Amino acid sequence: MNPVLKLLLEGGSLTTVQMAQVLNLTEAEVNQQLEQLKQQRIFLGWRPVLNLSKEDAGAVRAVIEVRITPERGGGFNRFAERISRFDEVESCYLMSGGYDLLVFVTGASLQRVAAFVSEKLSTIAGVLSTSTHFLLRSYKEQGYLMDAPAEENDRLTVTP
Amino acid sequence: MDSNRFIARHVSTLPKSGIRDFFEIVAKMRDVISLGIGEPDFVTPWRIREAAIFALEKGKTHYTSNLGLIELRRAICRYVGEHYGLSYDPENQVLVTVGVSEAIDIALRALVNPGDKVLFHQPCYVSYHPSVTLTHGVGVPVPTMAADHFALTAAALAAAWQPGCKLLLLNLPCNPTGGTCSEEQLGQIAQFCVEKDLLVITDEIYSELTFEGQHVSIARLPGMTERTIFLHGFSKAFAMTGWRIGYACGPAPLIDAMMKVHQYSMMCASILSQEAAIEALLHGEDDVKRMREQYHRRRDFVVRRFNEIGLSCHLPRGSFYAFPSVAATGLGEREFAFNLLEKERVAVVPGSAFGENGRGFVRASFATGYDQLVEACRRIERFVAARGSGR
């Protein structure tokens, strides 16, 4: 794996200056590599991981199982890409099993999400059915535990 | 009443660990970045912790066999077979101990007669020499040098050897130096041991954290399996220091002798730690690999920075310690450590805490997050630069 990428994954919140020091590169080189990774569409972008239950304006999130009819020539891809382009859609995956697409949706309210499903998603020609599940509570988000206290700061300061 | 007169002579004359007084000072200070910690910064992988919780739920709260759970001993035999090419019988050649520290203690108590001499390379882990002294043995340090990347050489061993030497204690890769031996160097040491009829106790606790080349155990070399007690544990590779769990493998009569001491002193290792250890051996490989890769990159960073700063530092082939020389600053290792702590709030351990041969060096652990390492190096650089301009 590209060392810059590896450090992004394990280095927590290092600045590019610090990353440069760790990797023995100049800051410009780190930025250049990040840029290159972006161009290759490997590194897609930065996003904070939030505990939304602590944020007053917490959004409503839902997972939607979508069954579709694959198209001749395009398979599932054209539908999946079309659905993915909606701002409400956070993530979209092609699945094996009882349905075809798994779509993670975020909306300001339950009504907004419901409106998206009934007006946008299910009206797309080729969508056979949708099944919407609202997320009630998050325990772990992209590798971060929501409510667990920090674990690692009880080491003694000097040990043999 | 003076209670001191009740203390045994060999204990009252035993010096306290050089790390202790340093710890007392650091513990009272705030905002210190500590590179003085001899344990992983990772918490034990969850799957291992979960195995212990599950064991507790199942009511595993009893004594185990003195030797340890047979499932664990079997898993140990498989593991040391696959990783070290060593073959032991789980029935009578493996003993599960309360960390490698206990294994060292009971090995020495089982083997050393008063006055027997025990060779060990130095700088070394703080407990080796005192453990020998506590058995009324005589410790014989063998110096290792920065010029040899702190590998033990057969020549140094031969020079230190004296009549009455019975045991050789090895710790490769070594805490505090990160030094280790090539297979060729080990071969020469093995030959010397056969020649002088020395029994080897080899503490290979850092062996999974070997960054270049394959780790080789001396126990695997020709003629050595029958004259080696192989000690290993879970603390470093699996980030399980607080679980206190380790093991000894060796010839059945020696393991049996150690078991006698163990059964009258410790009885058995904690059953929960043993259950966790089984999970670690069976499914912990990926976690070990992940942590090793991180230590590897941190090592490259820290060692490169020390050399840039002007603290000459050899590239440790294993462990998570850098052992730079502070000679260029004109300070002794204790002065350096205390001044650095006072002026820049960075804690490193004076090399002399690991024996006379550690003079002029400090131990810096890189088992710490990148952000802390980057900041610590920045502060050390400022400290060294200020020394340079002040002189």
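Residues numbered from 1 in each chain as written. Chains lettered and ligands numbered in written order. Predicted model: local features only at pLDDT ≥ 70, side-chain atom pairs only at ≥ 80, totals over all residues.

Re the overall build of chain B
1) Next: Helices and strands together make up the secondary structure of chain B, namely 13 helices and 12 strands.
2) Next: On C-alpha atoms alone, chain B measures out to a radius of gyration of 21 Å, which is about the 21 Å that the 2.2 N^0.38 rule sets for 391 residues.
3) Next: Per-residue burial for chain B yields a buried fraction of 50% across its 391 residues.
4) Next: Taking the intrachain contacts of chain B between residues at least 6 apart in sequence as the baseline, contacts between residues at least 24 apart amount to 74%. (Helix = DSSP H or I, 4+ residues; strand = E, 2+ residues; numbered from the N terminus. Rg over C-alpha atoms; globule rule 2.2 N^0.38 Å. Buried ≥ 20, exposed ≤ 12 C-beta atoms within 10 Å, placed from the backbone. Contact = placed C-beta atoms within 7 Å.)

Concerning the overall build of chain A
1) Next: The secondary structure content of chain A amounts to five helices and six strands.
2) Next: Along the chain direction, N to C, the helices and strands of chain A fall in the order α-α-α-β-α-β-β-α-β-β-β.
3) Next: Relative to its length of 160 residues, chain A is extended, with a C-alpha radius of gyration of 21 Å against a globular reference of 15 Å.
4) Next: In terms of principal-axis extent, the alpha carbons of chain A reach across some 65 × 40 × 30 Å.

Some remarks on the pairing of strand β2 (residues 89–94) of chain A
All names here are of chain A.
1) Next: Direction of pairing for β2 relative to strand β3 (residues 101–107): antiparallel, over a ladder of five bridges. Bridge pairing in β3 links S91 to F104.
2) Next: Here β2 folds back onto β3 in antiparallel fashion, the turn holding six residues, of which G97 has a positive phi close to 105°. (Pairing = 2+ DSSP bridges.)

What about the interface of chain B and chain A?
1) Next: Between chain B and chain A, the contact holds 25 residues from the first and 16 residues from the second.
2) Next: Every element with two or more residues in the side of chain B that touches chain A is listed here: α2 (18–28), α11 (285–309) and α13 (370–390) of chain B.

Observations regarding the sheet that holds strand β1 (residues 60–68) of chain A
What links the strands of a sheet is backbone hydrogen bonding, and the strands pair in either a parallel or an antiparallel sense.
All names here are of chain A.
1) Next: On the basis of which strands lie adjacent, the open sheet formed by four strands has the order β2-β3-β1-β4 and antiparallel pairing. Strands with a single pairing partner mark the edges of an open sheet, and in this sheet they are β2 and β4 (127–134). Adjacent strand axes in the sheet meet at a mean angle of 20°, parallel and antiparallel pairs treated alike.
2) Next: Pairing geometry for β1 and β3, over seven bridges, is antiparallel. Note on β3: the bridge partner recorded for R61 is T106. (Axes fitted to C-alpha atoms, helices over the stretch in contact; angles between N-to-C directions.)

Considerations on the environment of A8 of chain B
1) Next: Of note, A8 of chain B is situated in the segment before α1 (9–12).
2) Next: The class of A8 of chain B is exposed, set by 9 C-beta atoms lying within 10 Å.

What to know about the nonpolar core
1) Next: Judged by nonpolar contacts, the single largest core of 133 residues is most densely connected at A107 and A248 of chain B.
2) Next: In terms of residue count, the dominant contributor to this core is α13 of chain B (eight residues).
3) Next: When sequence neighbours within four positions are dropped, the list of residues in contact with A107 of chain B reads I201, I229, A248 and M258 of chain B.
4) Next: Residues I64, V66, I68 and F79 of chain A belong to the second largest nonpolar core, which totals 14 residues. (Core = buried A, V, L, I, M, F, W, Y, C linked by C-beta atoms within 7 Å.)

Some details on the sheet that holds strand β9 (residues 321–322) of chain B
Residue and element names in this part refer to chain B.
1) Next: Taking strand neighbours across the sheet as the criterion, the three strands line up as β9-β12-β11 in an open arrangement whose pairing is antiparallel. In the strand order of this sheet, the two ends are held by β9 and β11 (349–350), each with one partner.
2) Next: Across two bridges, the pairing between β11 and strand β12 (residues 362–365) is antiparallel. Within β12, the residue paired with V349 across the bridge is R363.

A look at the domain arrangement of chain B
Residues and elements named next belong to chain B.
1) Next: For chain B, the assigned domains are domain 1 (7–44 + 286–390) and domain 2 (46–284).
2) Next: For domain 1 and domain 2, the distance between their C-alpha centroids amounts to 25 Å.
3) Next: Domain 1 puts 35 residues into the contact, and the matching count from domain 2 is 39 residues.
4) Next: Going through the elements one at a time, α11 and β9 are the ones with two or more residues in the side of domain 1 that touches domain 2.
5) Next: With seven residues, the top contributor of residues to the side of domain 1 that touches domain 2 is α11. (Domains from an automatic or database assignment.)

Let's talk about helix α9 (residues 252–265) of chain B
Since the α-helix turns once every 3.6 residues, residues separated by three or four places project in the same direction.
Residues and elements named next belong to chain B.
1) Next: Taking 1.5 Å per residue as the helical rise, α9 with its 14 residues ought to reach 20 Å, and the 20 Å between its terminal C-alpha atoms agrees with that figure.
2) Next: Those residues of α9 not exposed but buried are L254, I255, M258, M259 and H262. Relative to the axis of α9, the buried residues are bounded by an arc of 140° and lie together on one face. α9 presents P253 and Y264 as exposed residues on the side facing more than 90 degrees away from its buried surface.
3) Next: Each element contacted by the buried residues of α9 is listed here: β2 (94–97), α5 (99–111), β7 (228–233) and β8 (246–249).
4) Next: Phi turns positive, to about 70°, at M267, one or two residues after α9. (Expected span 1.5 Å × (residues − 1). Arc of directions from axis to C-beta.)

Some remarks on the environment of Y206 of chain B
All names here are of chain B.
1) Next: The topology assignment puts Y206 in the loop between β6 (199–203) and β7.
2) Next: Residue class for Y206 comes out buried when judged on the 25 C-beta atoms lying within 10 Å of it.
3) Next: Counting along the chain gives 151 residues from Y206 to N357, while the straight-line C-alpha distance between them is 21 Å.
4) Next: Residues contacting Y206, with those up to four places away along its chain left out, are P173, N175, K236, G318 and S319.

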